[in-house]
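Residue-level listing of the chains:
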Amino acid sequence: MRYKNVMFDLYGTLIDIRTNEDIPMLWYNLAALYERNGAKYLPMELREMYQKYEKAERKRVKELHPELSYIDIDIAIVFDQLYKDKGVDAGAKLIEYTAKQFRKISTYFLRLYPGVEELLIYLRATGRKVILMSNAQSLFTMQELDGLGLTKYLDKIYISSDVGISKPDPEFFNHAVSELGLDKSETIMVGNDYIADMGGAYAAGLTGLYIDQEISSKIEGDFDAVEKIMDGDVYKAIKFFKRKG
């Protein structure tokens, strides 16, 4: 089977990333940013309110879409509400800047896995459509895609915060298949999570290629995938697609 359409997970598959939203420095710096813009919070107060509004927004979206098993939210709504609580009309640019600073401070490691660029170049050179399917926040992810030079290799980008659905809900995959008019028999999902990526793809009637990485969830039981690369070697994915023609 020659796969004409290749879907990719992002974090843990193409990008090796480590973040920590529990570090005190994050909330001290974020509180200082809010205060500079007229919204005064104590650091731990800000953290508590952030978590409260994130939880509330997830509940709101879930109630709007009870038919979905896995939803996602737009984190911009949370950052905006934190400004509104202090009487500040932040505006889109300030909210975006706040979100990007949040991500920058909480991220301590970010790089492409070895072989990723070569894989994407090969897929594009052989005429395959490359599609990103990421559980992520656009306000964080788009700048990281651009910064690591990935955007130019992607034919289409689907991010859960934009769609309102997240993996492993099969509707996340079906949304892309329907919008792009893909043939499921010619489409494969590449990911590092055996539930979100492989399980979700299988539930949507798609084939999966699994790449195990250090940050992958611990596998419990068996799962469906046409290929399983258990040592994290992305170059083996190139060999897989070369075998498929």
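As a starting point, this report considers the structure included with it. (Residues numbered from 1 in each chain as written. Predicted model: local features only at pLDDT ≥ 70, side-chain atom pairs only at ≥ 80, totals over all residues. Heavy atoms only, no water.)

### Let's talk about the side chain of Q137
Logical step 1: By secondary structure assignment, the location of Q137 is in the loop between β4 (129-134) and α6 (138-147).
Logical step 2: When its relative accessible area of 10% is taken as the criterion, Q137 is described as buried.
Logical step 3: At a separation of 2.7 Å, a polar atom in the side chain of Q137 contacts the main-chain carbonyl oxygen of I73.
Logical step 4: Setting aside chain neighbours within four positions, we find Q137 in contact with D72, I73, D74, I75, I159 and S161. (Helix = DSSP H or I, 4+ residues; strand = E, 2+ residues; numbered from the N terminus. Buried < 20%, exposed > 50% of the residue type's maximum accessible area, 1.4 Å probe, protein only. Polar contact = N/O pair within 3.5 Å; in protein donor to acceptor, adjacent residues only side chain to side chain. Contact = heavy atoms within 4.5 Å.)

### Description of the layout of surface pockets
Logical step 1: Taken as a whole, the largest pocket spans an internal volume of roughly 640 Å³.
Logical step 2: As for the largest pocket, its lining consists of 27 residues, and the residues nearest its centre are Y11, T19, R103, N135 and A136.
Logical step 3: If you list the elements that add at least two residues to the lining of the largest pocket, you get β2 (15-19), α2 (43-64), α6 and α9 (194-203).
Logical step 4: When residues of the lining of the largest pocket are assigned to their parent elements, the largest contribution, 3 residues, is made by α2. (1 Å grid on protein atoms, 1.4 Å probe; cavity = no way out; pocket = protein on both sides within 12 Å on 5 of 7 lines; lining within 4 Å. Points joined across faces, edges and corners; volume = space filled by probe spheres on them.)

### Regarding the environment of E54
Logical step 1: Turning to its location among the elements, E54 is positioned in helix α2.
Logical step 2: Sequence separation between E54 and V78 is 24 residues, and the spatial gap between their C-alpha atoms is 6.0 Å.
Logical step 3: Dropping the residues within four chain positions of it, E54 is found in contact with I73, I75 and V78.

### Describing the pairing of β4
Logical step 1: Among the 6 residues in β4, 5 count as buried, and that is most of the element.
Logical step 2: As defined by bridge partners, β4 adjoins strand β5 (residues 156-159) across 4 bridges and the pair is classed as parallel. By the bridge assignment for β5, I131 is matched with K156.
Logical step 3: The parallel pair β4 and β5 is bridged by α6, and the resulting crossover is right-handed. (Pairing = 2+ DSSP bridges. Right-handed = clockwise from strand over helix to strand, strands pointing away.)

### Section: the sheet that holds β4
Logical step 1: Within the open sheet, the 6 strands sit side by side as β5-β4-β1-β6-β7-β8. Their pairing is parallel. Looking at which strands have only one partner, the edges of the open sheet turn out to be β5 and β8 (227-229). When the angles between neighbouring strand axes are averaged without regard to direction, this sheet yields 20°.
Logical step 2: Bridge analysis of strand β6 (residues 187-191) against strand β7 (residues 207-211) gives 4 bridges, and the strand direction is parallel. Across the sheet, M189 pairs through a bridge with G208, a residue of β7.
Logical step 3: With respect to the sheet, α6 is in contact with β4 and β5, its orientation differing from that of β5 by roughly 150°.
Logical step 4: In this fold α9 packs onto β6 and β7, with an angle of close to 170° to the strand it touches most, β6. (Axes fitted to C-alpha atoms, helices over the stretch in contact; angles between N-to-C directions.)

### Some remarks on the pattern of salt bridges
Logical step 1: One pass over the full model with this rule turns up 19 salt bridges.
Logical step 2: Ionic pairing is found between R58 and D72, a salt bridge with its closest N-O pair at 3.5 Å. Within this pair, whereas R58 is found in helix α2, its partner D72 is found in the loop between α2 and α3 (76-84), the two being separated by 14 residues in sequence.
Logical step 3: Assessed through its relative accessible area of 31%, R58 is described here as partly exposed.
Logical step 4: With its nearest N and O atoms 2.6 Å apart, the salt bridge here joins D231 to K236.
Logical step 5: For K236, a relative accessible area of 34% puts it in the partly exposed group. (Salt bridge = Lys/Arg side-chain N within 4 Å of Asp/Glu carboxyl O.)

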